[in-house]
Each structure stands twice: as structure tokens, then as C-alpha cells.
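Commentary on secondary and tertiary structure
Residues per chain, in single letters:
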Amino acid sequence: MTESLTETADEADEPAPRARIFADLTPLRTSPDYRRLWFGNTVSWVGQGMTALAVSLQVYDLTGSAFSVGLIGFCSLVPLVVFGLYGGAVADTVDRRKLGLASAFGSFVLSVGLVTITVAGVERVGLLYAVVALQAVCFALNSPARSSMIARLLPAEQLPAANALNSMTGTTGGLVGPMLGGLIVGWWGYRAAYGIDAVTFTASLYAMWRLPSMLPDRGEGAAGAAKRASVMDGLRFLGTRPNLRMTFFTDMCAMVLANPRALFPVVAALWYGGDARTTGLLVAAPALGALLGGVFSGWLGRIRRHGLAVLFAVASWGTAIAVFGLTRQLWLGLIFLALAGAADTTSMVFRNTMLQAAVPDGMRGRLQGVFIVVVAGGPRLGDFLAGSVAELVSPGVAVTGGGIACVAAVAVLALRWPRFARYDARDPEA
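Residues numbered from 1 in each chain as written. Predicted model: local features only at pLDDT ≥ 70, side-chain atom pairs only at ≥ 80, totals over all residues. Heavy atoms only, no water.

Quick look at the overall build of the chain
Scanning the chain for helices and strands turns up 17 helices and zero strands. Taking 22 Å as the expected radius of gyration for a compact globule of 430 residues, we find that the chain reaches 21 Å, a close match to that expectation. Projected onto the principal axes, the alpha-carbon positions of the chain cover approximately 60 × 45 × 40 Å. Residue burial in the chain is summarised as follows: out of 430 residues, 57% are buried. Partitioning the contacts of the chain with sequence separation of at least 6, the portion at a separation of at least 24 is 88%. By element, 66% of the accessible surface of the chain is carried by carbon and sulfur atoms, the whole surface being about 17700 Å². Counting 33 positive and 26 negative side-chain charges, the chain places the averaged centre of each group 5 Å from the other. (Helix = DSSP H or I, 4+ residues; strand = E, 2+ residues; numbered from the N terminus. Rg over C-alpha atoms; globule rule 2.2 N^0.38 Å. Buried < 20%, exposed > 50% of the residue type's maximum accessible area, 1.4 Å probe, protein only. Contact = heavy atoms within 4.5 Å. Areas by Shrake-Rupley, 256 points an atom, 1.4 Å probe, with all protein chains shown as cover. Lys, Arg positive; Asp, Glu negative; His and termini not counted. Charge placed at Lys NZ, Arg CZ, Asp CG, Glu CD.)

The structure is reproduced here in C-alpha cells:
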């Protein structure tokens, strides 16, 4: 498999042995702005991971329903779709630093709101759903602005390394956040988890505050005036780029069809006889695998067949999830969830790199908006689908059936668009 994805380099061009194995830290060393942004986002993602788990546990405590837990994802899906696309257009119009700062502050206020609700003893699921929806709005406005900044802070040759480091940001939050969230909820209750989340947002706010102005470059390929920076421009651009569309389609296969995270509270109780701490381990396992995938990502720079790598990685994700659905031993289930997370990191790095290589700066916000709709909205739709299937049939069918459906869908896409598997990073064709 490696032979088909890589090309042997001349001896003089061979990277150092460490660079072939471990993550490339060059972006953190060369750019103080990127370093602050990376650190601030990593800390704030830990807090968000705690809150995501705490909300799902609280909803399950109040309702005892897998469907109600899955509905959390649906409540955030519509705001992510609408404001993700709109936020991308705004990011191509205004100062991206100001947009990122304002939306991060909004998320901070909502975290404080969760603390207030819990301290006041309000136990209304509808109110929790409303806060989740508003958090999705802030995320949808913040993420295109933040993601569009990366190519301005770093030279092009450092973008693959930055994408691997950025994957470690989300996975560190997904690993440490749920683990801490499960422990803190079990020990001190929901208010403590929400309060820590509010505090961690100050790191992201500080990083955004220190950034320089980030007005979009309206050169070739960008909107010539603010009024032309529309969502439709981005969608039309995407409509002419089949390989970019495939990066979105393959990710949807994984995140919609084979995403069991909404079922973790149910699985922890029914399959493993566990509690909130067990749920935290289940949520953290894919993040641990993804984090290890980022730590040992140096070899990814040798890959040239990015499209084929994405297909292989997404099919690996689906296979690991399907096998996880057949396990009834906790340690074995955690291993397969970790393998799925490592596959997801590989897919994400190559999808991001393909996106950045083909999109001009003035259009980057809108394409990042589409990216956020798929990456963040897809799992929410997956939450709703998994919760519904589990309620109608069983959690086992929802998990294993979803993994099998993911692999089958990827195979169909690969046959329908064979050029994607031939995509070569040396001669990128969107």
C-alpha cells in the first residue's frame, strides 16, 4: 500500500529519521502568532470536550432516552449548516481576527450561561438544547475565520505540518476533555465541568487578541468587493472542483453513517455496565488514536497519492467502527475506537491539504465554511441517525451497520469518481 502512495526520494532529499516518524514542529517554532493560536485553541478545545460530554450525560440523566441524546446533534446541525456557510462568506469580507474574537467571546458567554443554569437548579432539556444550538452558531462563525488564518501565518510548505498539528488540537480536546469531564461530573457535578470550560476559553480569546489584522486578500479568484463575497460564489467554485467535492463526500460517509458517539452513554451502561467515567473513556478512545496519529505523522509528508490515502483511511474508519459494534469487552472496544481515530487523523490531514492547495485566499473562508458544515455538521447528523436507529432497533445494529454502510459508500464513490484515487500532490488538480 505504501509503495502506491509514495515516491522514493533522492538520497539528498530524504528527511531526517525523526522527521519521518514524529510530527513536524516547524510551524510552532517559526511563527509566534501561530504558536499562540495553536496553544489557545488546544486549551479551549479541552473545555469544549468536557462540556460536550457533560451535556450528553445531563440530557440522558433527565430523559433516560438514547433518542434525546441523539437530538443534541440535530439541534446543533441546522445552525452549523446555515451559519457555517454564512460565516465563511463573512470571513471573506471582514477582518478575520475580529470575527474570530467576537465569536470566541460568544462561546465564552454561553459557557457561563450553562454554569448559571446548573447552579440555579433549572432542569429543562429544552434549555440545554437551546444553548447547544447557540454554541453551534458561535463555532460556525469562528471556525472559518480561524482556519482561513493559517495559510496567512505560515508558508505553503509548512501547511501539511500545520494540519497535523491542528489535528492534535482537536484530538487533545477530545481525549483530555471527555476524560476530565467524566471524572469531574462524577465527582463534583455538571456545574464544575461547565465552569472549567468557561475559564479555558480565555486562552483562545488571548490568542485571537494578539493576532495582527487579517483582512482577506481580494486578488485573483477572490470577490472583488465585499458584496460579492457570497455563499453562492463558494458553492459555484466548489461545483467546478470534483476532487474537492470528493473530500467532502468521503468525510460524510464516515461522520454520518459510522459515528457512534451519541450512543456512548447508552453503550457504557448496556454493554459494559459502566457509568460516567466509562462514557468518558469511550469518548476519549478515538481521540487518543487520533492524537497518536498526529504525534507520529512525520511519514505523511512522503505521501503523494492524497486521494487514495483518503479513501483508504475512511474505509479503515468504517471497518474499525463496525468491529467495535461487535465487542462486549471494554478494553477491546477501546482499541478499535482508537484505531478509528488514527484513521480519521490521516483522512483529515490530506483533506485539509488538498483544500488549501486549490483555493485562493479570497475564497478560502467560504470553502472553509463548507468544510465546517461537513466536518462539524456531519457528526451532528450522525448523532441523530445513530440515536434513531438505536431507539428503533438496537445500539449494536446502529454501530455495526453504520460501519458497514460507510465502507460500502466509500467503495461506490471510488468507482464513481476514479480520478480522485489518482490525485497526485505533485500536480494537484481540484
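Things to note about the confidence of the model for the chain
Here the chain shows a mean pLDDT of 82. Residues at 70 or above account for 90%. Within the chain, helix H14 (residues 306-324) carries the highest mean pLDDT (94), whereas helix H1 (residues 2-5) carries the lowest (48). Here residues 7-19 is a poorly scored stretch, pLDDT under 50, and it has eight contacts once near neighbours within four places are set aside; other chains count. Here residues 220-227 is modelled with pLDDT under 50, and outside its nearest four sequence neighbours on either side it reaches 14 contacts, counting other chains as well. (pLDDT = per-residue confidence, 0-100.)

So, the packing of helix H6 (residues 96-119) against helix H9 (residues 190-210)
The packing of two helices is summarised by the inter-axis angle and the distance between the axes. Contact pair H6 / H9: the axes reach a minimum separation of 8 Å and the direction vectors enclose 165°. With respect to their mutual orientation, H6 and H9 come out roughly antiparallel. H6 and H9 meet at a crossing whose hand is left-handed. Of the residues assigned to the contact of H6 with H9, the class counts are 15 nonpolar, six polar and three charged. (Axes fitted to C-alpha atoms, helices over the stretch in contact; angles between N-to-C directions. Parallel < 35°, antiparallel > 145°, perpendicular 65-115°, else oblique. Left-handed = near helix turned anticlockwise from the far one by under 90°. Nonpolar A, V, L, I, M, F, W, Y, C, P; charged D, E, K, R; others polar.)

A closer look at H6
The terminal C-alpha atoms of H6 lie 35 Å apart, and with 24 residues this matches the ideal 34 Å at 1.5 Å per residue to within 8%. The distance from a side-chain oxygen at the start of H6 to the backbone nitrogen of Arg97 is 3.0 Å, and the residue carrying that oxygen is Asp95. Phi for Gly121, located one or two positions after H6, is positive at around 75°. (Expected span 1.5 Å × (residues − 1). Polar contact = N/O pair within 3.5 Å; in protein donor to acceptor, adjacent residues only side chain to side chain.)

Concerning the nonpolar core
Among soluble globular proteins, nonpolar side chains are generally buried collectively. Formed by 42 residues in total, the largest nonpolar core has its most connected members in Leu282, Trp317 and Phe324. The set of elements that each furnish at least two residues to this core consists of helix H11 (242-257), helix H12 (264-270), helix H13 (276-295), H14, helix H15 (330-358), helix H16 (361-392) and helix H17 (395-416). Of the residues forming this core, the biggest block, nine residues, is contributed by H14. Contacts of Leu282, omitting those with residues within four sequence positions, involve Phe264, Val267, Ala268, Tyr272, Phe324, Leu330, Leu334 and Leu337. (Core = buried A, V, L, I, M, F, W, Y, C linked by side-chain atoms within 4.5 Å.)

Focus on a nonpolar patch on the surface
A grouping of Val78, Val81, Val82, Phe83 and Tyr86 is seen on the molecular surface, where their side chains present a nonpolar patch of about 420 Å² in accessible area. Looking at the secondary structure, you find Phe83 in helix H5 (residues 66-91). Judged by its relative accessible area of 32%, Phe83 falls in the partly exposed class. (Patch = residues over 30% accessible without salt bridge, like charges linked within 9 Å, V, L, I, M, F, W, Y side chains within 5 Å. Salt bridge = Lys/Arg side-chain N within 4 Å of Asp/Glu carboxyl O.)

A closer look at the environment of Ser56
Along the chain, Ser56 falls in helix H4 (residues 32-63). A relative accessible area of 12% means that Ser56 is categorised as buried. Each C-alpha atom, one on Ser56 and one on Pro265, is 7.7 Å from the other, the two residues being 209 residues apart in sequence.

Quick look at the side chain of Ser31
Residue position: Ser31 is located in the loop between helix H3 (26-30) and H4. Only 3.1 Å separates the side chain of Ser31 from the backbone nitrogen of Tyr34, close enough to count as a polar contact. With sequence-adjacent residues up to four places away left out, Ser31 is seen in contact with Leu153 and Leu154.

Describing the packing of aromatic side chains
A ring pair, where both rings are aromatic, is described by two values, the distance of the centres and the angle of the planes. Going through the model one piece at a time under the given rule, you end up with eight aromatic pairs. On the basis of an interplanar angle of 85° and a centroid distance of 6.3 Å, the ring pair of Phe264 and Phe324 is categorised as edge-to-face. One end of the pair, Phe264, is in helix H12; the other, Phe324, is in helix H14, and 60 residues separate them in sequence. For the pair Phe264 and Phe324, one class covers both residues: buried. Ring centres of Trp271 and Phe324 lie 5.9 Å apart, and the angle between their planes is 50°; this geometry places the pair in the tilted category. In this pair, Trp271 sits in the loop between H12 and H13 while Phe324 sits in helix H14, placing the two residues 53 residues apart along the sequence. Residue classification places Phe324 among the buried positions, given a relative accessible area of 0%. Three or more aromatic residues joined by ring pairs form one cluster here, namely Phe264, Trp271, Tyr272 and Phe324. Geometry around Trp271 places Arg328 over its ring, the cationic atom sitting 3.8 Å from the centre. Its end group placed over the ring of Trp417, Arg416 keeps NZ or CZ at 4.6 Å from the ring centre. (Phe/Tyr/Trp six-rings, centres within 6.5 Å; stacked < 30°, edge-to-face > 60°. Lys NZ or Arg CZ within 6 Å of the ring centre and 35° of its normal.)

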